[in-house]
Amino acid sequence: MRAADIEKDLDRVLVTEEQMQARLAELAKQVDADYADKDILLVGVLKGAVMVMADFVRHLQIDAPMDWMAVSSYGASTKSSGVVQIRKDLDTPLEGKHVLVVEDIIDSGLTLNWLLEHFETRGAASIEVLAALRKPDAMKVEIDAKYIGFDIPSDFVIGYGLDYAERYRGLRDVAVLAPHVYS
Ligand code: XMP
Ligand code: MG
């Protein structure tokens, strides 16, 4: 897809690359302090969290191992089904680890809610959540996420790892997808 065509698919930019980096640097300072004496494990949720993980881990001063999990709940739709399937499991046992789940976005919260309940059965010493974005008005379950980049409106967004039908993940800003693309 050509750059000019991508441009037409964007409604408006919500978070610029610079804003995201500045916020991640702040969050990294908090995490550095909170986990100074703890055995941290960053758990990224593929594929959306790839960008935030790559940027966040490089803002950290502490050395933080990472592992990845792949789940599916959306398919090619723009709404979460809440039915979660593990496509790729973690390589690391969670026993005794202070897990920090790194997510692109908390939308309905259904996926993360399922994941957190699932992780609790695996013996982690603690579980916290970092999400680059959160849609407070779209959440269907309450999730106690300690580290949040930006709260945004409930529109479907793309960029910074977020896709629509696997497109737009490489956009550097977070933008609202123009409705004509999916309606
Ligand atoms: P839920 O609704 O369960 O979201 O909190 C689960 C996952 O779905 C993806 N997601 C989005 N992807 N634009 C996207 O490109 C969005 O607005 C959006 N909302 C949710 C995302 O991977 C999230 O972790
Ligand atoms: Mg995700």
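Residues numbered from 1 in each chain as written. Chains lettered and ligands numbered in written order. Predicted model: local features only at pLDDT ≥ 70, side-chain atom pairs only at ≥ 80, totals over all residues. Heavy atoms only, no water.

Caption draft 1: Local environment of the sheet that holds strand β1 (residues 10–15). The sheet built from 3 strands is open, its strands ordered β1-β9-β8 with antiparallel pairing. The open sheet is flanked by β1 and β8 (157–158), the only strands paired with a single partner. Bridging between β8 and strand β9 (residues 174–177) involves 2 bridges; their strand directions are antiparallel. If you follow Ile158 over to β9, its bridge partner there is Ala175. (Pairing = 2+ DSSP bridges. Helix = DSSP H or I, 4+ residues; strand = E, 2+ residues; numbered from the N terminus.)

Caption draft 2: Main features of the side chain of Asp163. Along the polypeptide, Asp163 turns up in the loop between β8 and β9. Engagement of the side chain of Asp163 in a polar contact is seen with the side chain of Arg169, the distance being 3.3 Å. Beyond its immediate sequence surroundings of up to four residues, Asp163 is in contact with Phe156, Ile158 and Arg169. (Polar contact = N/O pair within 3.5 Å; in protein donor to acceptor, adjacent residues only side chain to side chain. Contact = heavy atoms within 4.5 Å.)

Caption draft 3: Representation of the pairing of strand β3 (residues 66–72) in the model. Summarising burial for β3: 6 of the 7 residues are buried, a large majority. Read as a crossover between parallel neighbours, the route from strand β2 (residues 40–46) over helix α3 (residues 50–59) to β3 is right-handed. As paired strands, β3 and strand β4 (residues 85–88) are joined by 3 bridges and run antiparallel to one another. What sits directly across from Ala70, in β4, is Lys88. (Buried < 20%, exposed > 50% of the residue type's maximum accessible area, 1.4 Å probe, protein only. Right-handed = clockwise from strand over helix to strand, strands pointing away.)

Caption draft 4: Focus on the site of ligand 1. Taken together, the neighbourhood of ligand 1 is formed by 16 residues, with Asp107, Ser108, Thr111, Val157 and Asp163 sitting nearest. At a separation of 2.7 Å, an oxygen atom of ligand 1 approaches a polar backbone atom of Gly109. At a separation of 2.5 Å, an oxygen atom of ligand 1 approaches a polar backbone atom of Asp163. Relative to its free-state accessible area of 500 Å², ligand 1 is covered by the protein chains to the extent of 91%. Looking at the shell around ligand 1, the elements with two or more residues in it are β5 (98–106) and α4 (110–120). (Near = heavy atom within 4 Å. Areas by Shrake-Rupley, 256 points an atom, 1.4 Å probe, with all protein chains shown as cover.)

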